[in-house]
Amino acid sequence: MALVDELNFNEKGLIPAIIQDDKTSKVLTLCYMNKDAIEKSFDEGKIYVYRRSLGRLMIKGETSGCIQEIRSVYVDCANNSLLFKVDQHRAACHEGYFTCYYLKVDKKGNKEIVDQKVFDPKDVYGKEENSPPLVTKSDQWRDLAKIFINFGGLLAISMKKFFNVTFRLNVDS
Ligand SMILES: [Zn+2]
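Residues numbered from 1 in each chain as written. Predicted model: local features only at pLDDT ≥ 70, side-chain atom pairs only at ≥ 80, totals over all residues.

Engineer: Which residues make up the sheet that holds strand β2 (residues 27-33), and what values go with them?
Structural biologist: Read across the open sheet, the 4 strands follow the order β2-β1-β6-β5; overall the sheet is mixed. Each having just a single partner strand, β2 and β5 (68-75) make up the two edges of the open sheet. Across the sheet, the mean angle separating the axes of adjacent strands is 25° when strand polarity is ignored. Bridge analysis of strand β1 (residues 15-21) against β2 gives 6 bridges, and the strand direction is antiparallel. (Pairing = 2+ DSSP bridges. Helix = DSSP H or I, 4+ residues; strand = E, 2+ residues; numbered from the N terminus. Axes fitted to C-alpha atoms, helices over the stretch in contact; angles between N-to-C directions.)

This is how it looks when you write it as structure tokens:
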């Protein structure tokens, strides 16, 4: 029997997974995994999550490069959740912090940032998420600009010729 057959998935086919940094024992994040994500994570040795918005599995850190290499995996006493101890590359949180739990809170909901940013999310996600379409777009604009420049040049030459001719005709007449 495979591990996934023993786990208690919820009605959506998901199970919570705690991700913990192997070196520092810091809790990095909590995510939900389906069967495919668990199997893929075991096969690849890296954390994979199922992104419903994309309708596919994606490696954690696909955009940022902040992947999580699995060191060991644990299951709780009732097969209700998993614990992955990982080697965290750079930082786990998309906000740029090492762990998603960088906000200390009290009962009133007051929040205090208790960690230092490892990276600026704008540098990581702003660039990497937008760069493929931006490159394409800027290429498109460049091509369009070239067409306009060429057209403009052609137009200028035509106009110059036209006016020269017109001018000469006027002078001649
Ligand atoms: Zn986070």
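From this point, the narrative continues.
Engineer: Can you lay out the pairing of strand β6 (residues 82-88) for me, pointing to particular residues and giving the numbers?
Structural biologist: Going residue by residue along β6, you find Leu82, Phe84, Val86 and Gln88 tucked away on one face and Leu83, Lys85 and Asp87 left uncovered on the opposite face. The pairing of β1 with β6 spans 5 bridges and is parallel. In the sheet register, Ala17 faces β6, and the bridge partner there is Leu82. The pairing of β5 with β6 spans 7 bridges and is antiparallel. Within the sheet, the bridge partner assigned to Ile70 lies in β6 and is Val86. In textbook terms, the turn of a hairpin is the stretch between consecutive antiparallel strands, and for β5 and β6 this stretch comprises 6 residues, one of which, Asn79, has a positive phi near 60°. (Buried ≥ 20, exposed ≤ 12 C-beta atoms within 10 Å, placed from the backbone.)

Engineer: Help me get a handle on the nonpolar core, residues and values and all.
Structural biologist: The biggest cluster of nonpolar side chains holds 21 residues, and the ones touching the most others in it are Ala17, Ile19, Met33, Val49 and Ala92. For this core, the elements supplying multiple residues, two or more each, are β1, β2, α2 (35-44), β3 (48-51) and β6. Among residues more than four places away in sequence, those in contact with Val49 are Cys31, Met33, Ala37, Met58 and Lys60. (Core = buried A, V, L, I, M, F, W, Y, C linked by C-beta atoms within 7 Å. Contact = placed C-beta atoms within 7 Å.)

None of this, on its own, says anything about what the molecule does.
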